[in-house]
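# Secondary and tertiary structure notes
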Amino acid sequence: MEGVANQNGAHLFTGYQNNRGNWMEQMRGSLMVVATVIASLTFQIAINPPGGVWQENTDSSKGCGRKQNETCIAGTSVLAFGDNNQEAKYEIFILLCTISFSASLTIILLLISGFGNRFVVWLLRMVTGVSVLFLAGAYIISINMVLGPLGGPISNIIIGYGYFWGGLIVLLLLYFFCRFVIWLLKLCCCCCSKNASYT
């Protein structure tokens, strides 16, 4: 009877290990899909920016730039040559896209390299979250660049969307901070109980 109980216990442990392995593989697959989609999106945004590109070399007499002798070169972004405010928004937009693209490529590279322990998967999940948040920031900036000058209700929608993502970031940071504190407390309790058992 005791042998049967041990076999059942061993079977349950093996089942747990298999499910844990399946979870890791499913998480790795999901992270790869999300990272590939984000990398594709941000790459496409960089080569085809909001507002389009200049089709031919254009000077200030045709609406290019704010300086008298400035020439907009064919293939460069139209929105990059606006007033100072517009240029600053465009630079922030490109920065956010670059960070999101780089984070996604990092995820893809690490997954292809075969890193797969639990800590690495947790770290890759955090990097994926960063990539998604920066992509959302790039979206807010791009909508603001394209539709912001219209003003009215569109500006309110853009501001509301920005507050939504800002609030979501704060909630996620609080959630992960609480999980980290709980993990630390469990770690401390385990260490204290092991030290107490040795004395």
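Our focus in this paragraph is the overall build of the protein. When helices and strands are counted, the protein shows 4 helices and 2 strands. Beginning at the N terminus, the succession of helices and strands in the protein can be written as α-β-β-α-α-α. With 199 residues in all, the protein has 24% of them scored as buried. Taking as baseline every contact in the protein between residues at least 6 positions apart, the subset at least 24 positions apart corresponds to 62%. Surface exposure of the protein reaches about 13,400 Å², of which carbon and sulfur atoms provide 68%.

It is worth spelling out a nonpolar patch on the surface at this point. Side chains of F180, W183, L184 and L187 sit close together on the surface and give an oily, nonpolar patch of about 390 Å² of accessible area. One can find L187 in helix α4 (residues 153–198). Since its relative accessible area comes to 41%, L187 is described here as partly exposed.

Its volume calculated, the largest pocket comes out at about 490 Å³. What lines the largest pocket is simply W23, R118, F119, W122, R125, F176, R179, F180 and W183. For the lining of the largest pocket, the elements supplying multiple residues, two or more each, are α3 (118–147) and α4. Looking at the lining of the largest pocket residue by residue, the classes come out as 6 nonpolar, no polar and 3 charged. The computed volume of the second largest pocket comes to approximately 300 Å³.

With that settled, consider the confidence of the model for the protein. Summing up the model confidence of the protein, the mean pLDDT is 79 and the portion of residues at 70 or higher is 82%. Taking the mean pLDDT of every element in the protein, the minimum, 72, falls on helix α1 (residues 2–47) and the maximum, 89, on helix α2 (residues 84–113).

Our next topic: the side chain of T128. Inspection of the secondary structure puts T128 in helix α3. Using a relative accessible area of 10% as the deciding quantity, one classes T128 as buried.

About the criteria used
- Residue indices follow the written sequence of each chain, beginning from 1 at its first position.
- Local features in this predicted model are restricted to residues whose pLDDT is 70 or higher, and side-chain atom pairs enter the listing and the counts only when it is 80 or higher, whereas totals over whole chains, interfaces and linings include all residues.
- To obtain the side-chain values, all non-hydrogen atoms of the structure were used and water was disregarded.
- Numbering of helices and strands runs from the N terminus, with a helix taken as a DSSP run of H or I at least four residues long and a strand as a DSSP run of E at least two residues long.
- Residue exposure (1.4 Å probe, protein chains only): buried if accessible area is under 20% of the type maximum, exposed if over 50%, otherwise partly exposed.
- Note on contacts: a residue pair qualifies if any of its non-hydrogen atoms lie within 4.5 Å across the two residues.
- Accessible areas in this description were obtained via Shrake-Rupley with a 1.4 Å probe; residue shielding takes into account the shown protein chains only.
- Like-charged residues are merged into a patch within 9 Å and nonpolar side chains (Val, Leu, Ile, Met, Phe, Trp, Tyr) within 5 Å, provided each residue has over 30% relative accessible area and no salt bridge.
- The salt bridge definition used is simple: a Lys or Arg side-chain nitrogen within 4 Å of an Asp or Glu carboxyl oxygen.
- Cavity and pocket criteria rest on a 1 Å grid covering protein atoms alone: a 1.4 Å probe that fits but cannot get out defines a cavity, protein on both sides within 12 Å along at least 5 of 7 lines defines an open pocket, and an atom within 4 Å of a point defines a lining residue.
- Grid points are joined across faces, edges and corners, and a volume is the space filled by probe spheres set on the points.
- Gly falls in the polar group here, along with every residue not listed as nonpolar (Ala, Val, Leu, Ile, Met, Phe, Trp, Tyr, Cys, Pro) or charged (Asp, Glu, Lys, Arg).
- One number per residue, pLDDT, summarises how confident the predictor is, and it ranges from 0 to 100.

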